Every structure is written in C-alpha cells, then in structure tokens.
Amino acid sequence: MGTARLYVSVAASGFRRYATYRIATAAGVFTNTVFGLILAYVFIALWDAKPHLGGYDQAQALSYVWLSQALLMVVAMMGGGFEDELIERIRTGDIAIDLYRPADLQMWWLAQDMGRALFHLLGRGVVPLAFGALVFDLALPSDPLAWLAFLVAVALGVVVGFSLRFLVALSAFWLLDGAGVAQLAFIAGIFCSGMLLPLNVFPGVLGEVVRGLPWSSLIQAPVDVLLGTADPLGTYAFQAAWAIVLLAAGRLVQSVATRRVVVQGG
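Residues numbered from 1 in each chain as written. Predicted model: local features only at pLDDT ≥ 70, side-chain atom pairs only at ≥ 80, totals over all residues. Heavy atoms only, no water.

Draft legend 1. Fine view of the packing of helix α3 (residues 58–71) against helix α11 (residues 220–227). Remark: α3 packs on α11, axes separated minimally by 10 Å, with the N-to-C direction vectors making an angle of 135°. It follows from the interaxial angle that α3 and α11 lie oblique. Considering only the axes of α3 and α11, their crossing is right-handed. Note on element contacts: α11 touches α3 through Q220, P222, V223, L226 and L227, opposite Q60, S63, Y64, L67 and L71. Residue composition of the contact of α3 with α11, by class: 7 nonpolar, 3 polar and no charged. (Axes fitted to C-alpha atoms, helices over the stretch in contact; angles between N-to-C directions. Helix = DSSP H or I, 4+ residues; strand = E, 2+ residues; numbered from the N terminus. Parallel < 35°, antiparallel > 145°, perpendicular 65-115°, else oblique. Left-handed = near helix turned anticlockwise from the far one by under 90°. Contact = heavy atoms within 4.5 Å. Nonpolar A, V, L, I, M, F, W, Y, C, P; charged D, E, K, R; others polar.)

In structure tokens:
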C-alpha cells in the first residue's frame, strides 16, 4: 500500500506541476483550436473529393480531427513530457541519485507522466473538442459507455507513448545526448500515429504496417474506439501487448544501464 501511495503522490505532483503553467496551457488550447480549424477545412475538401475515404464519412473524419487535437498533448506527440528532463539527468550524472532511491525508476516516471497526461486531457483536450463540436457536425456518441471505452484506450495509449519515450530517454546512457533519437522517434510518431491523417487512409501494405506499429495506439486506436469503427477489446489487447513489450524492453535497458552506472561508480 505504501508503494502504491507513493506513485499516486508522484502522479498528483505531475498533475500539479503542469497545472501551474496557466498561460502556456491557454496558449496551447488556442494553438490546438487553430490547427483543428485548418485541418478540419482540409478534411472537408478531401472528403468532398473522396467520400468515405478510409471508411469514414465526413462527420467521422471531422470528429477524427478534433479528437486527435485533443489527444496531441495527452500522448505527448509533440514532446513536452518527462523525456527531456530524464535525458538531462542522465547527461549530468544526476541519474545515479535516482537509481539509488528506494523507488523504481520506470514506475516513478510513468506515474509522473500519467499525472501530466491527465492534466492535458482536462486542460488542453476538452476545450478544442467542445469548440469543434459547436462549429462542425461531428459524429460523437452520446452513450457514456462509449466514452468510458475511449478513456480506457487513451490510458493504454499514454502507457505505450510513455514506454516509447522512456526507451528514447535511456539511449542517452550510451549517446550522452538523446536529442537525435528523440527527433527520429518524433518523426516516426507524426507519420505512424495518425496525427496528420487517419492510418485507415494509408493504402495496401503500407497501411497494414503503420497500423501494426506501436504509434497507432496513441491516436488512431482511441479515436476508432470512440467512433465505433474498431472493436474495443481487440484494440485494448493490441495496445496492452505493445505496452507490455515496450515496458519490458525499458526494464531490460534500465537494468543494463544501472549495472553500468554501478560499475563506473565503483
């Protein structure tokens, strides 16, 4: 129980930390809303030319736009999560202090990232989505269970996103500066998460590949669950499988890095 309370406290501190940046949050809401408007009119033109592209009608496509804008910061698609701080702690050697603490490094940062994600869901996700629903005809469900299923998929997506960024941050143990790896992961995320276009639009083998990669768990999977175009249980299984694999990989890399720190420290 004591360990559980510790990580709940870490998550709460992560929430409070991001809640202090009120001006940045307001600016982020404005930015997400503007980009949502731009993408919405692009999608309207695209779906007018190709109705039912990717299996969506226009209302579903517009819903995709505003839901993806609501989730961008939740899953940290544009960065701004824990990874920069962790990379800096590795670079300066402060990570040695973290590794000797009576708390698991991976779980500590995961708890903090969950707190961050919850704040961005409430602070930066609700307003753009509400604005989009007022201005456009969206295909959002009224069933509370559909929204609950969506939130479960979002939570799993946050864990997958954390796991990817944790691995990126740990690369700094060998590279000293994880900025290059972070940029590569960022580019892959933009292309493979559905941030710009639904992955259902991608044709043939390319579409199958991107939908099978972990980044599809971040935006595409939760949105499809809410829109009713994907089976929730199958989606959860897919997301959970990637979360388990990536968390295990992070645990393995963390273990190797810890031994390296201990050896060097000795």
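What follows continues from the structure just given.
Draft legend 2. Looking closely at the layout of surface pockets. One number sums up the size of the largest pocket: a volume of about 370 Å³. Lining the largest pocket are 23 residues, with G79, E83, R165, A182 and F186 sitting closest to its centre. Mapped onto the lining of the largest pocket, the elements with two or more residues apiece are α4 (83–92), α7 (144–170) and α9 (179–192). Top element by residues in the lining of the largest pocket is α9. It accounts for 6 residues. Looking at the lining of the largest pocket residue by residue, the class counts come to 13 nonpolar, 6 polar and 4 charged. (1 Å grid on protein atoms, 1.4 Å probe; cavity = no way out; pocket = protein on both sides within 12 Å on 5 of 7 lines; lining within 4 Å. Points joined across faces, edges and corners; volume = space filled by probe spheres on them.)

Draft legend 3. Region of the structure containing empty space enclosed by the protein. This model, assessed by the stated rule, comprises 1 cavity of 30 Å³ or more. For the largest cavity, the calculated volume is near 40 Å³. What lines the largest cavity is D98, R101, A103, D104, L105 and W108. Its residues assigned to classes, the lining of the largest cavity shows 3 nonpolar, no polar and 3 charged.

Draft legend 4. Spatial organisation of the packing of helix α2 (residues 22–49) against helix α6 (residues 105–135). It is at 9 Å that the axes of α2 and α6 come closest, and there the two elements cross at 40°. On the basis of the axis angle, α2 is oblique to α6. Crossing geometry of α2 relative to α6 is assigned as right-handed. Facing α2, whose interface residues are T25, G28, V29, N32, T33 and L37, α6 presents F119, G123, R124, V127, P128 and F131. Residues belonging to the contact of α2 with α6 are distributed by class as follows: 6 nonpolar, 5 polar and 1 charged.

Fair warning: the whole summary comes from geometry, so function is off the table for now.
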